[in-house]
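Topology and contacts: notes
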Amino acid sequence: MVLSGKDRGQLGRVLAVFPKAGNLLVERVNLMKRHTKRGSYRQQGGIIEREAPVDASNVMLICPRCSRQTRTYRKKLETGFRVRVCRKCQEVVDGRG
Ligand SMILES: [Zn+2]
């Protein structure tokens, strides 16, 4: 969920996280219009929309299980996987760690 900016209040899936840059890509949020050239592999010219990174401080994670704004903590499973877990309902939010 986006907290500020022109897409404030919008919900979207997180597509990618860039920890070093401190930002992330959120589906359908902060779209940038890009013009494509006629004659490229897309054949017809026009405008495509692509997500641009949003600063991490401007978004809040919404837990898919309890549907509330939440924070996560990292937990290491017995299998060795690191996951992120919802503090409110203990649901595993992100298995990539
Ligand atoms: Zn939850």
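Predicted model, so just to flag it, every value in this text is computed and none were measured.

Of the regular secondary structure elements, the protein holds zero helices and eight strands. Taken from the N to the C terminus, the helices and strands of the protein come in the order β-β-β-β-β-β-β-β. Burial status across the protein gives 21% buried among its 97 residues. Here the contacts in the protein between residues at least 6 apart in sequence split such that 28% fall between residues at least 24 apart. Counting only carbon and sulfur atoms, one obtains 48% of the accessible surface of the protein, whose full area is about 7500 Å².

Where strand E6 (residues 72-76) meets strand E7 (residues 82-86), five bridges bridge the pair, whose relative direction is antiparallel. In the sheet register, Tyr-73 faces E7, and the bridge partner there is Val-85. Taken together, E6 and the strand that follows it, E7, pair antiparallel across an intervening segment of five residues, in which Gly-80 is found at a positive phi of about 100°.

With that settled, consider the pattern of salt bridges. This structure, assessed with the given rule, holds three salt bridges. Of the charged contacts in the structure, one is a salt bridge between Arg-28 and Glu-49, with a shortest N-O distance of 3.7 Å. In this pair, Arg-28 is assigned in the loop between strand E2 (23-26) and strand E3 (31-36) and Glu-49 in strand E4 (residues 46-51), connecting sequence segments 21 residues apart. Taking the shortest distance from any N to any O, the salt bridge between Arg-65 and Glu-91 comes out at 3.1 Å. Of this pair, Arg-65 sits in the loop between strand E5 (54-55) and E6 while Glu-91 is found in the loop between E7 and strand E8 (92-94), placing the two residues 26 residues apart along the sequence. Classification of Arg-65 as exposed rests on a relative accessible area of 54%. Here the residues in one salt-bridge network are Arg-28, Lys-33 and Glu-49, joined through shared partners.

How each quantity is defined
Residues numbered from 1 in each chain as written. Predicted model: local features only at pLDDT ≥ 70, side-chain atom pairs only at ≥ 80, totals over all residues. Heavy atoms only, no water. Helix = DSSP H or I, 4+ residues; strand = E, 2+ residues; numbered from the N terminus. Buried < 20%, exposed > 50% of the residue type's maximum accessible area, 1.4 Å probe, protein only. Contact = heavy atoms within 4.5 Å. Areas by Shrake-Rupley, 256 points an atom, 1.4 Å probe, with all protein chains shown as cover. Pairing = 2+ DSSP bridges. Salt bridge = Lys/Arg side-chain N within 4 Å of Asp/Glu carboxyl O.

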